[in-house]
Amino acid sequence: MSNTPGDSVDPSGDATTQRGPELGDRGQAGKKQDAQRLLDQLGETGKSGRSRTVRSSASGTAPNAGPIPVVQHPPHAQHPRQSYAARRVLRRLVQGEAPPTAPMNIVDRLAGSPYANPTIQVGGVDASARKTIDFALHLAETMFRYGAGVLEVETSIIAVTAALGLRNIEVDITNQSVIINYAKKDATPITLLRVVRSWTNNYAGLARVHELVTDIGRGGVGRDEAIRRLDEIIHSPKPFPRWMVTVAEALFAGIVVAVIGGTMSGAVVALLSSLLVSWIARILGKWRVPDFFVTATSSFAVTIIALVCSLLAVPLSPVVVVTGGILLLLPSGRLVSAVQDAINGFPVTAAGRFLSAFLTFGALVAGIAVALVFGSLMGAGSIDITQPLSGALPLWLTLLLVGLASVLIGIAEQTKPKLLLPSGVIGLIGYAVLLLGNAAGFGDRVAPAAAAVVVGAAARAVALRMNAPQLVVAVPAILFLLTGLSIFRAIFVITMSPGASVEGTVGLFNAMIIILAVAAGVVLGDNLSRPLTRGLSHTEHRRRNRRR
């Protein structure tokens, strides 16, 4: 083998050594490379326990210097350990724990939910994976029909399928459909679709489904038992009869009139008009009339009653009667759910719910506009829906009525009887925070948002302790925080007063900002309370273990 000028080869055949002017040309870069090579050889010496001979190229070394002996360290020497520790720290600094572009495991979606870390049942995967997927779809459809949010449905599907042994699952949820795809490796994939075509108020059933999913995630319920329990939940009657729901809605309308400054006669008229609206909605529902026309007819009836009372010189304010009669018709809860879905990453479902809510607003405006035309033909003056309303009741009585109204909404939503009192207390607390925020000068936007944060946090704590989803406690408690009346006023001004369309547009924008703030506040409160409520979902599980 030939050698280039300036190189020398050690007679023993070991590493070569740079010499002469080439050493100076290499400079600091060459020195660093030789030092790194020396460190590597030191590490190998510590691992193998054998001595090696290395030539140095540091400055000041004679060109023909002989080999530099390296001292052999015993196995317990510190230099190899320090070198290994340094490399490990450097590797952690320049490389993450996981590849930054790796996709997120679908089970990671359960983090922070009541179903985190599900127990995988041994032997859960079998040849009948189709039956497990059918059960998960039936569960999702039931939750949608009972009013659950999209995030709650998705986490329930993931928890159930993971606990029953199906790992390769993908879930896609839209406004009224659920798609589950099961693609096991080296097997034919299974894709099933379920469309939700009807909805009903049944928060009690939703709470029982939550209990079922929790039990499945803990590994205490198998698939066959879960199917039986779900069928039992679906065929069980609602906790409150229809007549009690109708009375609760009517009492709520009367309480709203009293809180916003109406007279006793106005509260009675609002109660009676609510009873009439419930009867009309029930009849039209039996005839399969679309919800748009049901809402328009109901708002028409409420406005006609207010105009007739004005013609009969009844001591009341027509605007108060209209307010109490249409408050339950306003899709404020649907708007809050739409905003929550958008925040949680479900834009398709949020868009569908927004469209449905705006159609409901259009139906309200259409019904009232037609009623005003009939009223003008009868000689009644038009209703000034924009006049300010102010409560005249003592503070303690107002808070008591707000708490009672939250309980009545819980009855209307068919929630569990044991959740009625907590919903009323949280609603009262939220309204008190709203009043304090207004008194402190927070403004009409920040005060409802602050109250919603408190409601969201308290609702999660109470719901998890009572083994129920947060939704069934938060929705009845935030009704007095919503600005459905402000939205209606703005749309009414735009429709009936073209000259004041700018004022109506500004009012609509402000009302939508408040709705967004309330919805975001509920979601924020739910997320802020997660670290503090992490162990509450397992309370009942520990109680059962103690009983055993």
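Residues numbered from 1 in each chain as written. Predicted model: local features only at pLDDT ≥ 70, side-chain atom pairs only at ≥ 80, totals over all residues. Heavy atoms only, no water.

Explanation requested: a positive patch on the surface in the structure shown.
Taken together, Lys 238, Arg 242, Arg 282 and Lys 286 make up a surface patch of like positive charges. Tracing the sequence through the fold places Arg 242 in helix 7 (residues 242-259). (Patch = residues over 30% accessible without salt bridge, like charges linked within 9 Å, V, L, I, M, F, W, Y side chains within 5 Å. Areas by Shrake-Rupley, 256 points an atom, 1.4 Å probe, with all protein chains shown as cover. Salt bridge = Lys/Arg side-chain N within 4 Å of Asp/Glu carboxyl O. Lys, Arg positive; Asp, Glu negative; His and termini not counted. Charge placed at Lys NZ, Arg CZ, Asp CG, Glu CD. Helix = DSSP H or I, 4+ residues; strand = E, 2+ residues; numbered from the N terminus.)

Would you explain helix 6 (residues 223-235) in this entry?
Helical periodicity: at 3.6 residues per turn, an α-helix aligns residues three or four positions apart in one direction. Over its 13 residues, helix 6 runs 19 Å from end to end, which matches the ideal 18 Å to within 8%, given 1.5 Å per residue. Here helix 6 has its buried residues at Arg 223, Ala 226, Arg 229, Leu 230 and Ile 233. Buried positions in helix 6, seen along its axis, are confined to an arc of 120 degrees and lie on one side of it. Looking at helix 6, the residues exposed on the side facing more than 90 degrees away from the buried face are Asp 224 and His 235. On its buried face, helix 6 is in contact with helix 3 (129-145) and helix 5 (203-217). (Expected span 1.5 Å × (residues − 1). Buried < 20%, exposed > 50% of the residue type's maximum accessible area, 1.4 Å probe, protein only. Arc of directions from axis to C-beta. Contact = heavy atoms within 4.5 Å.)

When you look at the side chain of Gln 470 in this model, what are you seeing that I'm missing?
The residue Gln 470 is located in the loop between helix 15 (443-465) and helix 16 (471-477) in this model. A distance of 3.1 Å separates the side chain of Gln 470 from the backbone oxygen of Gly 456, its partner in a polar contact. If sequence neighbours within four positions are ignored, Gln 470 has contacts with Gly 456, Ala 459, Arg 460, Ala 463, Val 522 and Asp 526. (Polar contact = N/O pair within 3.5 Å; in protein donor to acceptor, adjacent residues only side chain to side chain.)

Help me understand the packing of helix 3 against helix 5 in this model?
The angle between the axes and the distance between the axes are what describe a pair of packed helices. Packing of helix 3 against helix 5 leaves a shortest axis separation of 10 Å and a crossing angle of 150 degrees. As the angle between them shows, helix 3 and helix 5 are arranged roughly antiparallel. Our pair here, helix 3 against helix 5, has a crossing hand that is left-handed. For the pair helix 3 and helix 5, contact is made by Phe 135, Leu 139, Thr 142 and Met 143 and by Leu 206, Val 209, Leu 212, Val 213 and Ile 216, respectively. Taken together, the residues of the contact of helix 3 with helix 5 sort by class into eight nonpolar, one polar and no charged. (Axes fitted to C-alpha atoms, helices over the stretch in contact; angles between N-to-C directions. Parallel < 35°, antiparallel > 145°, perpendicular 65-115°, else oblique. Left-handed = near helix turned anticlockwise from the far one by under 90°. Nonpolar A, V, L, I, M, F, W, Y, C, P; charged D, E, K, R; others polar.)

Would you mind showing me how to read the sheet that holds strand 5 (residues 169-173) here?
Adjacent strands of a sheet form backbone hydrogen bonds with each other and so pair up, either parallel or antiparallel. Taken in spatial order, the three strands make up an open sheet running 5-6-7, and their pairing is antiparallel. Of all strands in the sheet, those bounded by a partner on one side alone are strand 5 and strand 7 (190-195). Across the sheet, the mean angle separating the axes of adjacent strands is 15 degrees when strand polarity is ignored. In the sheet, strand 5 pairs with strand 6 (residues 177-182) via five bridges, with the strands oriented antiparallel. Bridge assignment links Asp 172 to a residue of strand 6, and that residue is Ile 179. Most of the contacts of helix 3 go to strand 7, to which it runs at about 25 degrees, and overall it touches strand 5, strand 6 and strand 7. Of the strands in this sheet, strand 5 and strand 6 touch helix 4 (residues 150-163), which is tilted by about 160 degrees from strand 5. (Pairing = 2+ DSSP bridges.)

Just checking my understanding: could you explain a nonpolar patch on the surface for this structure?
A cluster of nonpolar side chains, namely Leu 421, Val 425, Leu 428, Ile 429 and Val 454, defines an oily patch on the protein surface of about 380 Å² accessible area. If one sorts the elements of the nonpolar patch by residue count, helix 14 (residues 420-439) sits on top with four residues. Looking at where Leu 421 falls in the secondary structure, it is placed in helix 14.

Teacher, can you tell me more about the side chain of Asn 467 here?
For Asn 467, the position within the fold is in the loop between helix 15 and helix 16. Apart from the residues within four sequence positions on either side, Asn 467 is in contact with Ala 207, His 210, Glu 211 and Thr 214.

For this particular structure, what's the right way to read helix 12 (residues 347-378)?
Between the first and last C-alpha of helix 12 there are 47 Å, a value that for 32 residues agrees with the 46 Å anticipated at 1.5 Å per step. A positive backbone phi angle near 95 degrees is found at Gly 379, which sits one or two residues after helix 12.

Even after reading the chapter, I still don't get unusual backbone geometry, so can you show me in this structure?
Outside of glycine, negative phi angles account for most residues, and trans bonds account for most peptide bonds. Positioned with a positive phi, Arg 288 is a non-glycine residue whose angle comes to about 60 degrees. Relative to the assigned elements, Arg 288 resides in the loop between helix 8 (264-286) and helix 9 (291-311). With relative accessibility at 76%, the residue Arg 288 sits in the exposed group. One non-glycine residue, Asn 467, lies in the positive phi region at around 60 degrees. A residue is classified by how much of its surface remains accessible, and Asn 467, at 10% relative accessible area, is buried.

I'm lost on the confidence of the model for the protein in this one. Help?
Scored by pLDDT, the protein comes out at a mean of 77, with 70% of its residues at no less than 70. Here residues 44-65 is modelled with pLDDT under 50, and outside its nearest four sequence neighbours on either side it reaches 33 contacts, counting other chains as well. (pLDDT = per-residue confidence, 0-100.)

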